[in-house]
Amino acid sequence: MTDTTQPEGTNPEDAAGGAANGATAQKLADLHARLEKAQDPGSEKAKAKRDEAGFTTPRQRIAALLDEGTFVEIGALGRAPGDEDAPYGDGVVTGYGQVNGRTIAVYAHDKTVYGGSVGETFGKKVVEVMDMATRIGCPIVGINDSGGARIQDAVMSLAMYSEIGRRQLPLSGQSPQISILLGPSAGGAVYAPVTTDFVVAVEGRTQMFVTGPAVIESVTGEKVSMEELGGARQQARNGNVSYVAPSEEEAFNYVKDLLDFLPSSAFDPTPEFWSASDELTARDYELNDIIPDDPNAAYDIMDVLTRIFDDENVLEVQEDYGSNVITAFARIDGHSVGVVANQPMVLAGCLDADAADKAARFIRICDAYNIPLVWVVDTPGYMPGVEQEKVGLIHRGAKLAFATVEASVPKITVVVRKAFGGGYAVMGSKNLGADINLSWPTAQIAVMGAEAAVVMMQGKALAAMPEEQRPAAKQMFMDFYNANMTSPYVAAERGYLDSVITPEETRVRLRQALRQLQHKFQLDPPKKHTIMPM
């Protein structure tokens with residue numbers, strides 16, 4: 001007969017509870033063990049190679065970007081299906097966090113797991129955070145260091161690339177998309193980054209190309225190094241990179257600064273910052289001496305830009321591409337504005353095909369995120385030349401006009417010196433839809449400058465004169481032309497300028513203009529979309 005009595009001081013329920021607690025403790029221990037493996041799941045060989053090179057882990061990179069303690073990871077235990085030994089994470093770390101108190105979605109490739117290549121689970125994790133960014137309306141930052149498509153996943157890898165690409169469309173123009181490239185990216189691994197709004201590269205670390213040097217040599221016989229083909233600076237000159245950082249740390253700092261100028265989504269305002277009063281300062285009065293007396297002398301337009309906005313914080317985008325035009329973010333009255341300015345230090349501020357492409361895309365980014373636009377104009381017009389015609393100046397130049405008209409945000413223009421020919425039109429003219437047009441008394445607005453006009457209009461007459469009379473006659477015509485054709489007062493009399501202002505007034509007048517336009521609303525006719533020049 002079995003003894004069913006319990007030992008003194010025990011209870012059947014207590015005994016069962018102890019067994020249960022033991023099972024729970026075991027499960028908790030199992031969870032902690034799995035999560036610990038997921039923290040740095042790459043092979044020992046791959047991790048040793050990474051550490052020897054001094055590269056950071058994906059979690060360290062995310063921590064460098066986000067506010068401390070805000071990262072919430074998803075998919076840490078995801079891995080390739082059907083393989084019990086597959087490492088956790090599947091080559092990417094995904095989740096959410098905050099930058100300066102605002103939510104962003106983020107993912108970072110893990111080069112120590114399958115070389116950071118895109119596989120099925122990898123793709124699903126990235127797609128999940130992209131879908132969330134679309135639903136909640138927040139920026140998404142991708143930290144790229146990828147080996148491209150995962151060959152062993154065959155069509156699944158290609159499908160995941162396509163799934164990621166498909167989700168960039170609903171995000172485009174709704175929430176900012178930013179890519180940071182911290183290693184080589186080839187083939188499919190470059191298409192997703194260049195489809196985002198901004199691409200940040202690191203000097204000496206980033207390489208990006210569709211096909212690498214080995215493939216190019218085997219197909220075409222051309223020999224080229226990785227750096228020459230796709231190095232950060234080279235791709236910046238090609239127009240594929242927004243900013244080249246000297247270090248990984250500076251890349252993250254640039255992205256943080258960039259996010260401070262951008263809204264969380266097209267339905268949100270940009271962050272607001274403190275700004276000084278409307279009282280004029282020494283910086284304002286310095287503007288009176290910036291424009292050279294010689295109309296053909298070069299000067300740095302950044303000296304103007306750092307004085308006409310709230311402060312010197314002017315964040316340039318695509319500095320290495322189309323450098324004759326500056327595209328940048330600044331602030332007026334504590335609010336973000338986009339700036340398009342001619343740079344007389346490069347090609348005398350002429351507009352060429354690259355500069356037109358760059359400015360047009362930047363204008364569309366600002367318009368998508370409801371960021372007002374400010375043009376600062378000093379251009380002799382479009383760049384003439386056979387090479388420019390070959391590279392498509394006609395249709396690429398037309399994009400700039402198209403984007404200027406298309407933009408419905410507040411548009412303000414300041415002409416500081418030359419505004420000649422087509423350059424006058426596309427650089428925020430009232431005729432292409434600018435709301436408020438200001439000019440300095442140093443402005444010249446005409447079809448062309450006096451030097452060109454005297455050749456076109458008086459060339460034959462001058463040639464017929466005795467040689468000793470030509471310089472005086474030429475100068476007399478140019479003086480007449482400048483007084484009666486290029487003077488800003490001619491444009492003001494005809495209503496193409498709202499005001500001719502003194503340079504020191506500019507910062508305050510821009511603030512007043514933006515306040516006036518803050519509730520601007522433009523109703524566009526219902527249609528599917530416009531068709532931009534090719």
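Residues numbered from 1 in each chain as written. Predicted model: local features only at pLDDT ≥ 70, side-chain atom pairs only at ≥ 80, totals over all residues. Heavy atoms only, no water.

Helix and strand counts for the protein come out as 20 helices and 17 strands. Projecting the C-alpha coordinates of the protein onto the three principal axes gives extents of approximately 135 × 60 × 45 Å. Taking all 534 residues of the protein together, the buried fraction comes to 49%. Partitioning the intrachain contacts of the protein with sequence separation of at least 6 by distance along the chain shows that 73% fall at a separation of at least 24. (Helix = DSSP H or I, 4+ residues; strand = E, 2+ residues; numbered from the N terminus. Buried < 20%, exposed > 50% of the residue type's maximum accessible area, 1.4 Å probe, protein only. Contact = heavy atoms within 4.5 Å.)

Once that is clear, we can look at a nonpolar patch on the surface. Among the surface-exposed residues, Leu28, Leu31, Leu35 and Leu77 lie close enough to one another that they form a single nonpolar patch of about 290 Å² accessible area. Note on placement: Leu28 falls in helix α1 (residues 12-39). (Patch = residues over 30% accessible without salt bridge, like charges linked within 9 Å, V, L, I, M, F, W, Y side chains within 5 Å. Areas by Shrake-Rupley, 256 points an atom, 1.4 Å probe, with all protein chains shown as cover. Salt bridge = Lys/Arg side-chain N within 4 Å of Asp/Glu carboxyl O.)

What follows deals with the domain arrangement of the protein. For the protein, the assigned domains are domain 1 (41-261) and domain 2 (282-517). Each of domain 1 and domain 2 has a C-alpha centre, and these two points are 38 Å apart. At the junction of the two partners, domain 1 supplies 23 residues and domain 2 supplies 17 residues. Here domain 1 packs against domain 2, burying approximately 1,500 Å² in sum over the two surfaces, 57% of which is carbon and sulfur. For the pair domain 1 and domain 2, the interface holds one salt bridge. A salt bridge links Arg233 to Asp320; the shortest N-O distance between them is 3.0 Å. At the junction of domain 1 and domain 2, the tally comes to ten residue pairs in polar contact (both at pLDDT 80 or more). Only α9 (232-237) and α10 (248-261) provide two or more residues apiece to the side of domain 1 that touches domain 2. For the side of domain 1 that touches domain 2, the residue count by class is ten nonpolar, eight polar and five charged. (Domains from an automatic or database assignment. Buried area = accessible area lost by both parts, 1.4 Å probe. Polar contact = N/O pair within 3.5 Å; in protein donor to acceptor, adjacent residues only side chain to side chain. Nonpolar A, V, L, I, M, F, W, Y, C, P; charged D, E, K, R; others polar.)

What follows is about α10. Over its 14 residues, α10 extends 21 Å from the first C-alpha to the last, a length consistent with the 20 Å expected when each residue adds 1.5 Å. Buried within α10 are the following residues: Glu248, Ala251, Phe252, Tyr254, Val255, Leu258, Leu259, Asp260 and Phe261. (Expected span 1.5 Å × (residues − 1).)

Here we take up the environment of Ala356. Secondary-structure assignment places Ala356 in helix α13 (residues 353-368). Sequence spacing of Ala356 and Tyr382 is 26 residues, and the spatial spacing of their C-alpha atoms is 9.2 Å. Excluding its chain neighbours within four sequence positions, the residues that come into contact with Ala356 are Arg396, Gly397 and Leu400.

Right, let's get into the nonpolar core. Within the largest apolar cluster, 57 residues are counted, with the highest numbers of intra-cluster contacts made by Leu65, Ile180 and Phe329. Looking at this core element by element, the count peaks at eight residues for α13. Each of domain 1 (41-261) and domain 2 (282-517) contributes no fewer than three residues to this core. Leaving out residues up to four positions away in the same chain, Ile180 has contacts with Val141, Gly142, Ile143, Asn144, Val200, Ala251, Phe252 and Val255. Membership of the second largest hydrophobic core comes to 31 residues, among which are Ile308, Ala341, Ile436 and Leu514. (Core = buried A, V, L, I, M, F, W, Y, C linked by side-chain atoms within 4.5 Å.)

A word on unusual backbone geometry. We note that Leu347 has phi near 55°; this positive angle belongs to a residue other than glycine. By secondary structure assignment, the location of Leu347 is in the loop between β12 (335-342) and α13. If you check the backbone angles, Ala348 has positive phi at about 60° while not being a glycine. Structurally, Ala348 is set in the loop between β12 and α13. Under the relative-accessibility criterion, Ala348 is labelled partly exposed at 44%.

Before going further, it helps to spend a moment on the side chain of Glu316. Examined against the element boundaries, Glu316 turns out to sit in strand β10 (residues 315-317). The buried charged residue Glu316 lacks any salt bridge partner; its closest oppositely charged side chain belongs to Lys358, at an N-O distance of 4.7 Å. In contact with Glu316, not counting residues within four places along its chain, are Tyr254, Ile326, Thr327 and Ala328. (Lys, Arg positive; Asp, Glu negative; His and termini not counted.)

Assignment of secondary structure puts Gln318 in the loop between β10 and β11 (325-332). Classification of Gln318 as buried rests on a relative accessible area of 11%. For the pair Gln318 and Lys358, spaced 40 residues apart in the sequence, the C-alpha separation amounts to 7.7 Å. Residue contacts for Gln318: discarding those within four places in its chain leaves Gly239, Val241, Ser242 and Lys358.

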